[in-house]
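The primary structure of each chain is shown beneath.
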Amino acid sequence: MPILAVSVNHRTAPVEVREALAFDPGQARRFLAEEAAGLPERILLSTCNRTELYAVTPNGDPGVLLDLLEKARPGVELDAPGRAERYRDDEAVRHLLRVACGLESMVLGEAQILGQVKEAGELAAAAGAAGVLLRRALEVAARTAKKARTSTAIGEGAVSVASAAVELARRIYGDLSDRIALVVGAGETGRLVARHLRAAGIGRMLLANRTLGRAREVATEVKAEPRGLCGVPPALREADIVVCSTASETPILTEDEVRAAMRARKDRMLLLLDIAVPRDVDPAASRIASVFLHDIDALRDIVDANLELRRKAVPRVEALVEEAVRGYAAWRRGLSVVPTIKALRARFEEIREAELKANLKRVPPEAREAAERLTRSLVKRLLHTPSERLRKAGGEAEGAALSAPLREIFDLPEEPGE
Amino acid sequence: MQTAVDVLSVLLPACYALAAADSIVAFVGRSEGARHFLRPLVIVALGAHLLYLGLWAAVAHRCPLGTVFEAMGIMAFSIVAVYLAVEIRGGSRPTGILILPLAFVMVLPAVAFRWREGPANPHLSDPWFSLHTLAGVLGTAALTVSFVHGVFYLLLYREIKAHRFGRLFRRLPPLAVLHRKTHTAAVVGWAFLAVTIAAGYVWAARHDALETLPADPMFLLVVAAWLLYSGGLGVRFLGGWRGRYTVFLSVGGFTVLLVALVIVAFFFPSLHVHR
């Protein structure tokens, strides 16, 4: 039976369509257990950027899957040209692997998708919807994605300004748990960086804002200590990382103020991240020893460099995907001869047991265990080469060509369904 | 025993070559395996080296410090031992890319020329001279490790300051870690250097050679290097200064020491003549 897949994603559909089509875990489980129950195997992957349905079905038309999605989400039109991508067999497996590796993500190489693919597999298992073919495809996808992340740069570095700020801080200080951050400005950008710093395990965080009320509000959210803007110069002496993101028209930190702070800090390193436009820190402060002043452009340079690294890694990841797709196809071809191999083994085992039983009296009791071992080993070795040959022959036609005479010669039972 | 020494003289450079190659792969590439195996490889190389030194001392019936090449072997062993200690203490990404190839280069002549040298230095039987030499080798090893980390620190400092986010930025440990490693190794080296100078002074006094010391360029340069290190550590411990100036002093101190060890010792008349 063919493997089919349909994908509605950020390339094919605007956000309104993706929103309308999205499934939360409960809905996905219900969909798999009820609406899509007619498909022998099915997996639903639903994230903010994509909804994809993978299925094994005797009907070879991916349109069937789109119909099911449309039924589950009335009002969503999926038959418009280019609205959905359709895949079949190897292409469907390849697509799943590419998705798991982050090659199809909006932000190339993002890591979250692998977890989402795994969750989709767990949901399918819970709904009793995952069969041999799709379960194996998910395993291969997870393995390939992990290999891609460890052996290539596909997931390397930060790819947003806020995470680039944290990456830079880590390159300077390493462990952030004993460091102090000062975030100046409680706007959206400041809050975002503060959240990233908190998630990175910053030891202590001070949050300064022109209005203390707003500082308190955001400080509570990111577990920081609120300060007014007048608290910035003294805080400069103790903080290791200073993030400035105010809407001030003039610099709030002059070169002299930074120089005075550095004297008090006795040359201890200071990372100044100025992500405000217009800038909050006098650019001349970058001349001071042990001061690392980086503005929004510098952080974007980090992001660009990381994205470039990820882009360069794409051919290597694609090669890994191709290798895995080939491996999966070979495994799948091998499945067609499994019933013959099983039947052959059962027949040999039957003969072995019968002969052993018939000759049991002639074997001394102390040698019976050895005889059991010996006959088992004999059968195993005799069947090893034929089994391997069958597996390698694989494909439907070649497998059948070898299976038929074997079944005839050894009088094996007919395959179920034949 | 001689056979064991012969076998180890082949195995030892091979162990160091393997560790050096692995350190390069771990630094340049992305192989987790290379990083994972680096520490065990270094430990194996050190174990083999220790065995070699013990066997060689037994075969040659002397402390393996009697020739320049033997001193190089001990120095390589000490450098790698200090590197390993600093690496274990400091954590983070491995920085053996310069240290392990250097150790390999030093070990090669140390095992290859072990028969070609004349008899050992007769002064080695004097405990003060032995202490002076051993502390000197250990101190120089620690300061080499400090220097390498100091250079890495300055390179990364420049990269970050200039907003260059290339391979060094991605592969080197964080600046603070490099600073800590530079400092830790410098403290060890400084202490051994102090012992070296003190033991050498006592030895010179016992052999009526004190009057030659003020004119001995090696002695003067080593004392100058030690003072530079003392300055660097002093501003850190007493003044609480933490920045790159302490690294500058560390790198400067090692440069002076290198001049003393290589140029002066080989080309200028001195008590410290290398043969």
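Every value quoted in this text rests on a predicted model; they were computed, and no experiment measured them.

The rules behind the values
Going along each chain's sequence as written, the residues are numbered from 1 onward. Here the convention is simple: chains get letters from A, ligands get numbers from 1, in the order in which they are written. Confidence filtering applies because this is a predicted model: local features only for residues at pLDDT of at least 70, side-chain atom pairs given and counted only at 80 or more, and all residues used for totals across whole chains, interfaces and linings. Derived side-chain values reflect all non-hydrogen atoms in the structure, with water molecules and hydrogen atoms excluded from consideration. A run of H or I in DSSP counts as a helix once it spans at least four residues, and a run of E counts as a strand once it spans at least two, with each numbered from the N terminus. Throughout, the radius of gyration refers to the C-alpha atoms, and the reference size of a globule is 2.2 Å times the residue count to the power 0.38. Three exposure classes are used, based on accessible area relative to the maximum for each residue type with a 1.4 Å probe and protein chains only: buried under 20%, partly exposed in between, and exposed over 50%. The criterion used for residue contact is that any of the two residues' heavy atoms lie within 4.5 Å. Using the Shrake-Rupley algorithm and a 1.4 Å probe, accessible areas are obtained, with residue cover drawn only from the displayed protein chains. Note on pairing: DSSP must find at least two bridges between two strands before they are called paired. Only the stretch in contact is used when a helix axis is fitted, and all axes are lines through C-alpha atoms; the angle between N-to-C directions ranges over 0 to 180 degrees. Two parts placed together each lose some accessible area under a 1.4 Å probe, and the buried area is that loss summed for both. Should a side-chain nitrogen of Lys or Arg be within 4 Å of a carboxyl oxygen of Asp or Glu, the pair is scored as a salt bridge. We define a polar contact as two N or O atoms separated by no more than 3.5 Å, with the added condition that, inside protein, one atom must be a possible hydrogen donor and the other a possible acceptor, whereas residues neighbouring each other in sequence contribute only through side-chain atom pairs. Boundaries between domains were set according to an automatic or database domain assignment. Residue type decides the class: Asp, Glu, Lys and Arg count as charged, Ala, Val, Leu, Ile, Met, Phe, Trp, Tyr, Cys and Pro as nonpolar, and the leftover types, Gly among them, as polar.

Chemist: Outline the overall build of chain A, listing residues and values.
Modeler: In terms of helices and strands, chain A carries 15 helices and 10 strands. For 418 residues, the compact-globule estimate of 2.2 N^0.38 gives 22 Å, and the C-alpha radius of gyration of chain A, at 31 Å, exceeds that figure by more than 25%. In terms of overall dimensions, chain A has C-alpha extents of about 100 × 65 × 35 Å along its principal axes. Of all 418 residues assigned to chain A, the portion counted as buried reaches 51%. Taking contacts inside chain A between residues at least 6 apart in sequence as the whole, the part at least 24 apart equals 71%. By element, 53% of the accessible surface of chain A is carried by carbon and sulfur atoms, the whole surface being about 20,300 Å².

Chemist: Please set out unusual backbone geometry residue by residue, giving values where relevant.
Modeler: Residue and element names in this part refer to chain A. Residue Pro 278 is reached from Val 277 by a cis peptide bond, and omega for that bond is 0°. Within the secondary structure layout, Pro 278 lies in the loop between strand E9 (270-274) and strand E10 (291-295). Despite not being glycine, Ser 290 shows a phi value in the positive range, around 65°. Residue position: Ser 290 is located in the loop between E9 and E10. One non-glycine residue, Asp 411, lies in the positive phi region at around 55°. Take Asp 411: it is sitting in the segment after helix H15 (396-409).

Chemist: I'd like a rundown of the sheet that holds strand E1 (residues 3-9) of chain A, residues and numbers included.
Modeler: All names here are of chain A. One open sheet accounts for four strands, arranged E2-E3-E1-E4; its pairing is antiparallel. On the outer flanks of this sheet lie strand E2 (41-46) and strand E4 (85-88), each paired with one strand and no other. Taking the axes of each pair of neighbouring strands and ignoring which way they run, one obtains an average angle of 10° across the sheet. Of the strand pairs in this sheet, E1 and strand E3 (residues 50-56) are connected by seven bridges, and their pairing is antiparallel. Bridged to Ile 3 within E3 is Val 56. Packing of helix H3 (residues 63-72) onto the sheet brings it into contact with E1, E2, E3 and E4, and relative to E1 it is tilted by some 50°. Lying over the sheet, helix H6 (residues 132-151) contacts E1, E2 and E3, oriented at roughly 40° with respect to E2.

Chemist: Explain the interface of chain A and chain B to me, using residue names and the numbers behind them.
Modeler: Every contact between the two is made by 32 residues of chain A and, on the other side, 22 residues of chain B. At the boundary of chain A with chain B, total buried surface from both sides reaches about 2,200 Å², with 59% on carbon and sulfur atoms. At the boundary of chain A with chain B, the tally comes to two salt bridges. A salt bridge links A:Glu156 to B:Arg171; the shortest N-O distance between them is 3.9 Å.

Chemist: Give me the lowdown on the sheet that holds E10(A), citing residues and values where you can.
Modeler: Residues and elements named next belong to chain A. Strand order in the open sheet formed by six strands is E7-E6-E5-E8-E9-E10, with parallel pairing between adjacent strands. Bordering the open sheet on either side are strand E7 (225-228) and E10, each of which pairs with just one other strand. Geometrically, the sheet is characterised by an average inter-axis angle of 20° between neighbouring strands, direction not taken into account. Pairing of E9 with E10 involves five bridges; the strand directions are parallel. Counterpart to Leu 273 in the pairing with E10 is His 294. Running at roughly 170° to E9, helix H7 (residues 161-173) makes contact with strand E8 (241-244), E9 and E10 of the sheet.

Chemist: Residues and numbers for H3(A), please.
Modeler: Residues and elements named next belong to chain A. A large share of H3 lies buried, amounting to seven of its 10 residues. Turning to H3, its buried residues are Gly 63, Leu 65, Leu 66, Leu 68, Leu 69, Glu 70 and Ala 72. Each element contacted by the buried residues of H3 is listed here: E1, helix H1 (15-21), helix H2 (25-35), E2, E3 and E4.

Chemist: Could you give an account of the pattern of salt bridges, naming the residues involved and the relevant values?
Modeler: It is possible for side chains of opposite charge to pair when their charged atoms get near one another. Following the criterion strictly, the structure yields 33 salt bridges over all chains and no others. A salt bridge links A:Glu156 to B:Arg170; the nearest nitrogen and oxygen atoms lie 3.2 Å apart. Of this pair, A:Glu156 sits in the loop between H6 and H7 while B:Arg170 is found in helix H6 (residues 167-171), placing the two residues in two different chains. Considered together, A:Glu156 and B:Arg170 belong to a single accessibility category, that of buried residues. A:Arg204 serves as the salt-bridge partner of A:Glu238, at 3.2 Å between the closest nitrogen and oxygen. With a gap of 34 residues between them, A:Glu238 in helix H10 (residues 232-238) and A:Arg204 in strand E6 (residues 204-209) connect regions that are remote in the sequence. Ionic contacts of the salt-bridge type, sharing partners, join the residues A:Arg11, A:Glu85, A:Arg98, A:Glu104 and A:Glu318 into one network.

Chemist: Kindly report on the side chain of A:Asp274, identifying the contributing residues and their values.
Modeler: All names here are of chain A. If you trace the backbone, Asp 274 turns up in strand E9. Within the structure, the side chain of Asp 274 is placed 2.9 Å from the backbone nitrogen of Val 281, a separation counted as a polar contact. Sequence-distant contacts of Asp 274, that is, excluding residues within four places in its chain, are made with Cys 244, Arg 279, Asp 280, Val 281, Leu 293, His 294, Asp 295 and Ile 296.

Chemist: Before we move on, could you go through the domain arrangement of chain B and cite the residues and values that matter?
Modeler: Residues and elements named next belong to chain B. With domains assigned, chain B is organised as domain 1 (1-120) and domain 2 (122-275). Inter-centroid distance (C-alpha atoms) of domain 1 to domain 2 is 21 Å. With 29 residues of domain 1 in contact, the opposing surface of domain 2 contributes 29 residues. Across the domain 1 to domain 2 interface the summed buried area is about 2,400 Å²; carbon plus sulfur atoms make up 73%. Counting the contacts that link domain 1 with domain 2 gives one salt bridge. We note a salt bridge from Glu 87 to Lys 181, for which the minimum N-O separation is 2.9 Å. Seen at the junction of domain 1 and domain 2, the total is five residue pairs in polar contact (both at pLDDT 80 or more). Those elements that provide at least two residues to the side of domain 1 that touches domain 2 are helix H1 (2-28), helix H3 (68-90) and helix H4 (96-112). In terms of residue count, H3 provides more of the side of domain 1 that touches domain 2 than any other element does, 12 residues in total. Here the side of domain 1 that touches domain 2 is built from residues that sort into 17 nonpolar, seven polar and five charged.

Chemist: Can you tell me about the pairing of E4(A), naming the residues and giving the values?
Modeler: Residue and element names in this part refer to chain A. Only one face of E4 is covered, namely the face carrying Glu 85 and Tyr 87; the face carrying Arg 86 and Arg 88 is uncovered. Relative to E4, E1 runs antiparallel, the two being bridged by four bridges. Paired with Val 6 across the bridge in E4 is Arg 86.

Chemist: Tell me about the side chain of A:Gln116, and please be specific about residues and values.
Modeler: Of note, A:Gln116 is situated in helix H5 (residues 112-126). Once residues lying within four places of it in the same chain are set aside, the contact partners of A:Gln116 are A:Leu45 and A:Thr47.

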